Amino acid sequence: MILVLDFGSQYTQLIARRIRQMRVYSEIVPYNTPLEKVLAYKPTGVILSGGPASVYDEGSPSLPPEFFARVNCPVLGICYGVQLIAQLLGGKVERSDRREYGHAELRIDDASGLFRGVEDGSRVWMSHTDRVTKLPEGFVNLAHTANSEHCAIGNPQKRIYGLQFHPEVHHTVFGHQILENFAFHICNDPKDWKISSFIQDTIKGIRERVGDRHVLCGASGGVDSTVLSLLLHRAIGRQLHCVFIDNGVMRLNEGRSVVRDFKELGVALNCVDASERFLKQLKGIEDPEEKRRRIGKEFVDVFFQDFGEKDFLAQGTLYPDVIESVSTRGPSATIKTHHNRVERILQLIEQGRVIEPLKELFKDEVRKVGEELGIPDRMLWRQPFPGPGLAVRIIGEVTPERLGILRKADWIVIEEMKRADLYYKIWQTFSVLLAFKSVGVMGDERTYEHALAIRAVHSVDGMTADWVQLPYELLARISNRIINEVKGINRVVYDISSKPPSTIEWE
């Protein structure tokens, strides 16, 4: 297995996921995991992740002085990781004259080893302010960019390597090849890990942990909770109690669709209509963090009405949810509060009563689990939908009127995407009701109505995303239908920003 030490990068889990895609088991631990515990894993390789700190910051994350002498396996440092390697082993790191962020052209100085099969001049993804300016003794330069003389360094004898760019993100064209070279040609790992192993181990672990107790599981009908529900059903059968809560901010006909799907899967489902309660909590609230907090709290209040003192709670939390809200494994920066990390759930986590078997996986891995479990493609390839629902797709206050407008518009977007045979081919398509109104002309009369934004993105895992260049004809058809069929909208705009620097959702 390859062990990843997390120094706080938003992309840390991507590293482990890329390694697992190669059928090599990978696990993440905090950078400050005691060295004896790191050695106890008996890793075939160690990767040091990136992070937001500078190696010269007071109290910045570091490693024990004896780390490189005692870890008897190859080491690869990425971004902050390479800077830490250079600093600890006698090199020099300095702040760059200008920040290097985004695409860069990689010029390879040594095409063997780590860069075997990597095309010279290929695109890599940068995100750093500091850079290595002097190599440690015994190290050689492997690659450079216009702004980073020592973009990739290595000591082949000691099997220690470092990259200033991020091979784990899909923006780095040959990133997968670089990680393969590290795993197979430097660490000599076998290809012996697969999703079916994860399923078997997870089912066994759930049975052992739950025993004869009961598990309450929130089922939204999305990919994550559907896969989670069937996985739990296979593990504990009738001890599982799935609940679908209509929070009033669902899409059009959402409830009926979820009931149909769960009946097809053979998983019992209890439906609760709490829409009035949720909308009451959202009245007058405009701040997106406060919306998430209130939805999370109200969900807990409704959901736990029949929660026993010894019961377990199951959640379909994925790693992007965790790393963007509360960092459980490293010093990652908080991006936004997630609805399933409210205070009571955090308390249950502390008590060991929360089951989240998918929290180390990304969406594409969850879909692979679902395929192994036999879930139909119609359910598996449904586009992601945020936990707080349409509440975070309405900028400003959530009202019944604004919900009605957005539901109708969103339905048209989905319908047209399916007609164009694009809905299941891209990551996500949705509409956002904006906080302002604009002047328009309809039927020779002045109008002053809502503006709507359309968003469509390509992504592999939700951590990074590129906006989709939808055909003009399709955009024109969507805009025309919305303006003509949805009363209250007179302007439609298209979002052409990527993640980063934007997030996929607007709130």
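Asker: Honestly, the packing of helix 6 (residues 195-210) against helix 13 (residues 363-373) in this entry has me stumped. Any pointers?
Answerer: Any two packed helices are characterised by how steeply their axes cross, that is the angle between the axes, and by the distance between the axes. Closest axis-to-axis distance for the helix 6/helix 13 pair is 9 Å, and the angle between their directions is 75°. Between helix 6 and helix 13, the angle falls in the class roughly perpendicular. Contacts between helix 6 and helix 13 involve I195, S196, F198 and I199 on the former and, on the latter, E365, K368, V369, E372 and L373. For the contact of helix 6 with helix 13, the per-class residue count stands at five nonpolar, one polar and three charged.

Asker: Please clarify how the packing of helix 15 (residues 400-419) against helix 16 (residues 472-485) should be interpreted in this entry.
Answerer: Running from amino to carboxyl end, helix 15 crosses helix 16 at an angle of 150°, the nearest separation of the two axes being 10 Å. Considering the angle they form, helix 15 stands roughly antiparallel to helix 16. For the crossing formed where helix 15 meets helix 16, the hand is right-handed. In contact with A409, I412, V413, E415, E416, M417 and R419 of helix 15, helix 16 contributes L474, R477, I478, R481, I482 and E485. By residue class, the composition of the contact of helix 15 with helix 16 is seven nonpolar, no polar and six charged.

Asker: Please explain the confidence of the model for the chain as it appears in this structure.
Answerer: Do not read the fine detail of predicted coordinates wherever pLDDT is low. For the chain, the average pLDDT comes to 90, and 94% of its residues sit at 70 or higher. Taken element by element, the predicted model of the chain shows its lowest mean pLDDT in helix 11 (residues 319-323) (65) and its highest in strand 3 (residues 45-48) (98).

Asker: Teacher, can you tell me more about unusual backbone geometry here?
Answerer: With the exception of glycine, the majority of residues adopt a negative phi angle, and the majority of peptide bonds are in the trans configuration. Of note, the bond from K499 into P500 is cis; its omega dihedral lies within 30 degrees of zero at -15°. Assignment of secondary structure puts P500 in the segment after strand 19 (489-494). Residue P501 follows P500 across a cis peptide bond; omega there is 10°. In this structure, P501 sits in the segment after strand 19. With a phi angle near 50°, K42 is a residue other than glycine that sits in the positive phi range. Locating K42 in the fold gives a position in the loop between helix 2 (35-40) and strand 3. Of the residues examined, K42 reaches a relative accessible area of 69% and is grouped as exposed. Positioned with a positive phi, N188 is a non-glycine residue whose angle comes to about 55°. Along the chain, the position of N188 falls in the loop between helix 5 (175-186) and helix 6. Among the residues examined, N188 registers a relative accessible area of 57% and is labelled exposed.

Asker: It is not clear to me how the environment of E371 should be interpreted in this structure. Could you clarify?
Answerer: Inspection of the secondary structure puts E371 in helix 13. It is 44 Å that separates the C-alpha atoms of E371 and A146, two residues lying 225 residues apart in sequence. Not counting residues up to four positions away in its chain, the partners in contact with E371 are L380 and W381.

Reading guide: rules and limits
- Residue numbers restart at each chain and count upward from 1, following the sequence in its written direction.
- Only residues with pLDDT of at least 70 are given local features in this predicted model, and only at 80 or more are side-chain atom pairs given and counted; all residues enter the totals for whole chains, interfaces and linings.
- Calculation of side-chain values draws on the structure's entire complement of heavy atoms; hydrogens and water are dropped beforehand.
- Each axis is a line fitted through C-alpha atoms, and for a helix only the stretch in contact is used; angles between axes span 0 to 180 degrees, taken between their N-to-C directions.
- Under the scheme used here, helices are H or I runs from DSSP no shorter than 4 residues and strands are E runs no shorter than 2 residues, and both carry numbers assigned from the N terminus.
- Working rule for angles: under 35 degrees goes down as roughly parallel, over 145 as roughly antiparallel, 65 to 115 as roughly perpendicular, anything else as oblique.
- Residue contacts are counted whenever heavy atoms from the two residues lie within 4.5 Å of one another.
- As a working rule, the residues Ala, Val, Leu, Ile, Met, Phe, Trp, Tyr, Cys and Pro are called nonpolar, Asp, Glu, Lys and Arg charged, and the rest polar, with Gly in that last group.
- Left-handed is the label given to a crossing in which the near helix is rotated counterclockwise from the far helix by less than a right angle, and right-handed is the label when the rotation is clockwise.
- Known as pLDDT, the predictor's confidence for each residue is given on a scale from 0 to 100.
- Note on classification: 1.4 Å probe, protein chains only; a residue is buried when its accessible area is under 20% of the maximum for its type, exposed when over 50%, partly exposed between these limits.

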